[in-house]
Amino acid sequence: MIVLAVIGSKALYLTYAWLLSAIAASWLSDRKGYGEKPGLASGLLLTFVGPLIWLVWPARRDSRWKQEGPIPKRHKADERPA
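Calculation criteria
- Residues numbered from 1 in each chain as written.
- Predicted model: local features only at pLDDT ≥ 70, side-chain atom pairs only at ≥ 80, totals over all residues.
- Heavy atoms only, no water.
- Helix = DSSP H or I, 4+ residues; strand = E, 2+ residues; numbered from the N terminus.
- Buried < 20%, exposed > 50% of the residue type's maximum accessible area, 1.4 Å probe, protein only.
- Contact = heavy atoms within 4.5 Å.
- Areas by Shrake-Rupley, 256 points an atom, 1.4 Å probe, with all protein chains shown as cover.
- Phe/Tyr/Trp six-rings, centres within 6.5 Å; stacked < 30°, edge-to-face > 60°.
- Polar contact = N/O pair within 3.5 Å; in protein donor to acceptor, adjacent residues only side chain to side chain.
- Salt bridge = Lys/Arg side-chain N within 4 Å of Asp/Glu carboxyl O.
- Arc of directions from axis to C-beta.

Caption draft 1: Up close: the overall build of the protein. Counting its secondary structure elements, the protein contains 4 helices and 0 strands. For the protein, the proportion of its 82 residues judged to be buried stands at 22%. A fraction of 51% describes how many contacts in the protein between residues 6 or more apart in sequence connect residues 24 or more apart. Total accessible area computed for the protein in this model is approximately 6600 Å², and 67% of it derives from carbon and sulfur atoms.

Caption draft 2: Region of the structure containing the packing of aromatic side chains. Under the definition given, this model contains 2 aromatic pairs. Ring geometry for Y34 and W54: centres 5.5 Å apart, planes at 50 degrees, overall tilted. Residue Y34 is located in the loop between α1 (2–31) and α2 (36–45), and its partner W54 is located in helix α3 (residues 49–56); the two are separated by 20 residues in the primary sequence. Classification of Y34 as partly exposed rests on a relative accessible area of 26%.

Caption draft 3: Here's a closer look at the side chain of S26. With respect to the secondary-structure elements, S26 resides in helix α1. Reaching out from S26, the side chain makes a polar contact with the backbone oxygen of E36 at a distance of 3.5 Å.

Caption draft 4: Focus on the pattern of salt bridges. This model, assessed by the stated rule, comprises 2 salt bridges. Residues D30 and R64 are paired through a salt bridge, measuring 2.7 Å at the closest nitrogen-oxygen approach. Within this pair, whereas D30 is found in helix α1, its partner R64 is found in helix α4 (residues 64–68), the two being separated by 34 residues in sequence. The exposure class assigned to D30 is partly exposed, which follows from its relative accessible area of 25%.

Caption draft 5: Inspection of α3 at higher detail. Burial in α3 covers these residues: G50, P51 and W54. Down the axis of α3, the buried side of the element spans an arc of 95 degrees, and every buried residue falls inside it. Turned more than 90 degrees from where α3 packs its buried face, L52 and V56 sit exposed.

Next up, the structure:
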């Protein structure tokens, strides 16, 4: 019974890693101007490699990655652009 509990916790951690890589790849592809779906697909299919691919993939000219930079700036509640 203890062996199954150890396998279960490792499976849970691997599931979390899989989902976090999908979230990261989706966010990166959206910021680079390609939309969320290509990033989500690459993050789910290429678990740890998906976000790395989107880090080196070139951004489109009018993307938020090019306009705001790689890390978005946080705005105060009264300074948010409309």
